[in-house]
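Summary of structural features
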Amino acid sequence: MTLKKLIGKLHLWLGLASGLVIFVVAVTGCIFAFEEELFRVFHSKLVHVRVPSDAGKKLPVSVLQERAQTALGGSDSITLINIYPQNDLAWEFDVFRYNEEKSANSFWDQAGLYWKKAYVDPYTGNVNGIMDMQYEFFIVTRCIHQNLFINPKIGSPIVGSATIIFVVLLLSGLVLWWPKNKAAARQRFAFRWKDTTRWKRKNYDLHNILGFYMLVFGIFIALTGIVWSFDWWENVVYRVLDGKVVQFKLPKNPDKTVSANEPVHLLDQVVARIQKDNPEYYRIFLSKNKPTNTLTAGANFKDNTLWTAYNYYMYNLSTGKEYGALLQKDKTTGQKWRNSNYDLHTGKTLGYVGMTIAFFVSLISALLPVTGFYIWLGRRKKAEKRPETLGKRGPQIRSRERVKS
């Protein structure tokens, strides 16, 4: 058996073994590319607000938090706030709890999750509505994409392993695609279909030609996706970029002072400080962690690079004092990459152009196992018919030999 035939066998059996998982992950990846944009379209009444004539006058975040807290219920303490500079967007106030024990004992994902989100008009303080995010369509789509909506301890390694196999399939597919001569190359770069071209030939061309053109993008998206499945791969990328593993860690709170209530106007002061330090921000987030008694505040902003820029500021929830910060300019290359990996994976780094590329690469990735399966099925049926054909022709050949003799 030649090397190319051996690679062909490897390509076939790895494709059959991983095809269904790759198809599911790729289809959900198509939606994932425009997740935020689609969410705002389908939930427009929640997400968008009417902009008054004096659009610059927004209520303090502390006031809006009180309105959201009343709507969510007193027993549900707000843990996350998202603030946007766009005048027509509501601000988001989340209650997020995760029961690790309940999740660990369930086969399905999301079992231990409690997540409610209130959308508040920053001008009037009115609550547009409250959404239960546990089984919201795009959240479920993300869970299917990352771990097939089963327990992440089981599903995530399955998805990660299938993604690694997908990279091997793309590389082995390139070897099988490689033309022997110029004549063969003519049919490897473009579709040359005629009215008489059979479906089998079209299916074969779809598999080979589309697979070739998405190869580089497909490998890039796959490699950035494996990060969420395997820590060892994340450490590999850190070593490549930094020469060592310098994982993304925020400063710990050295002050053990604990109080039942946070300082008055703490959130307003933090937001004002972040807006001043990050005038080009496109999102400010405030994340409260009661067990560690900390407030992690931060801003997303553009820094004229391909990295997704984040500045983090750490506060003690009881005293209101800042005890640490992690700024974009102080991060290692590996830490900047880790902050940017989601946007790199979904194409958001390049805006709508990148997201469109990610969408079509995901779509082609979903087509590859389907077209590959039909190639295998067609060859299998052809192989099954071949002995019957030889059996029918055999006596005719022998009779001719007798006549000649």
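To be clear, the structure that these remarks concern was listed above.
1. What about the pairing of strand 3 (residues 113–120)?
- Taking burial as the measure, the eight residues of strand 3 include six buried ones, the bulk of the element.
- As judged from the eight bridges shared by strand 2 (residues 91–98) and strand 3, these two strands associate in the antiparallel manner. When the bridges of strand 3 are listed, Arg97 appears paired with Tyr114.
- The pairing of strand 3 with strand 4 (residues 127–132) spans five bridges and is antiparallel. Following the sheet pairing, Tyr119 is matched in strand 4 by Gly129.
- Between the end of strand 3 and the start of strand 4, which pair antiparallel, lie six residues, with Gly125 showing a positive phi angle near 85 degrees.

2. A closer look at helix 1 (residues 3–33)
- Its 31 residues place the ends of helix 1 only 38 Å apart at the C-alpha level, less than the 45 Å of an ideal helix rising 1.5 Å per residue.
- Of all the bends in helix 1, the greatest measures close to 55 degrees and is centred on Ser18.

3. Structural notes on the packing of helix 1 against helix 6 (residues 137–147)
- Across the interface, helix 1 lies against helix 6 with an axial gap of 8 Å and an inter-helix angle of 140 degrees. By the angle between their axes, helix 1 is oblique relative to helix 6. The handedness of the crossing between helix 1 and helix 6 is left-handed. Where helix 1 approaches helix 6, its residues Val24, Val25, Thr28, Gly29, Ile31 and Phe32 are matched on the opposing element by Phe137, Phe138, Thr141, Arg142, Ile144 and His145.
- Residue classes in the contact of helix 1 with helix 6 are distributed as seven nonpolar, four polar and one charged.

4. Concerning a positive patch on the surface
- A surface patch of positive charge is lined by Arg198, Lys200, Arg379, Lys381, Lys382, Lys385 and Arg386.
- Top element by residues in the positive patch is helix 14 (residues 351–404). It accounts for five residues.
- As for its placement among the helices and strands, Lys382 is situated in helix 14.

Cut-offs used in this document
- Residues numbered from 1 in each chain as written.
- Predicted model: local features only at pLDDT ≥ 70, side-chain atom pairs only at ≥ 80, totals over all residues.
- Heavy atoms only, no water.
- Buried < 20%, exposed > 50% of the residue type's maximum accessible area, 1.4 Å probe, protein only.
- Helix = DSSP H or I, 4+ residues; strand = E, 2+ residues; numbered from the N terminus.
- Pairing = 2+ DSSP bridges.
- Expected span 1.5 Å × (residues − 1).
- Bend = angle between axes of the 7 residues up to and from the residue.
- Axes fitted to C-alpha atoms, helices over the stretch in contact; angles between N-to-C directions.
- Parallel < 35°, antiparallel > 145°, perpendicular 65-115°, else oblique.
- Left-handed = near helix turned anticlockwise from the far one by under 90°.
- Contact = heavy atoms within 4.5 Å.
- Nonpolar A, V, L, I, M, F, W, Y, C, P; charged D, E, K, R; others polar.
- Patch = residues over 30% accessible without salt bridge, like charges linked within 9 Å, V, L, I, M, F, W, Y side chains within 5 Å.
- Areas by Shrake-Rupley, 256 points an atom, 1.4 Å probe, with all protein chains shown as cover.
- Salt bridge = Lys/Arg side-chain N within 4 Å of Asp/Glu carboxyl O.
- Lys, Arg positive; Asp, Glu negative; His and termini not counted.
- Charge placed at Lys NZ, Arg CZ, Asp CG, Glu CD.

Function cannot be read off these values alone, since they describe shape.
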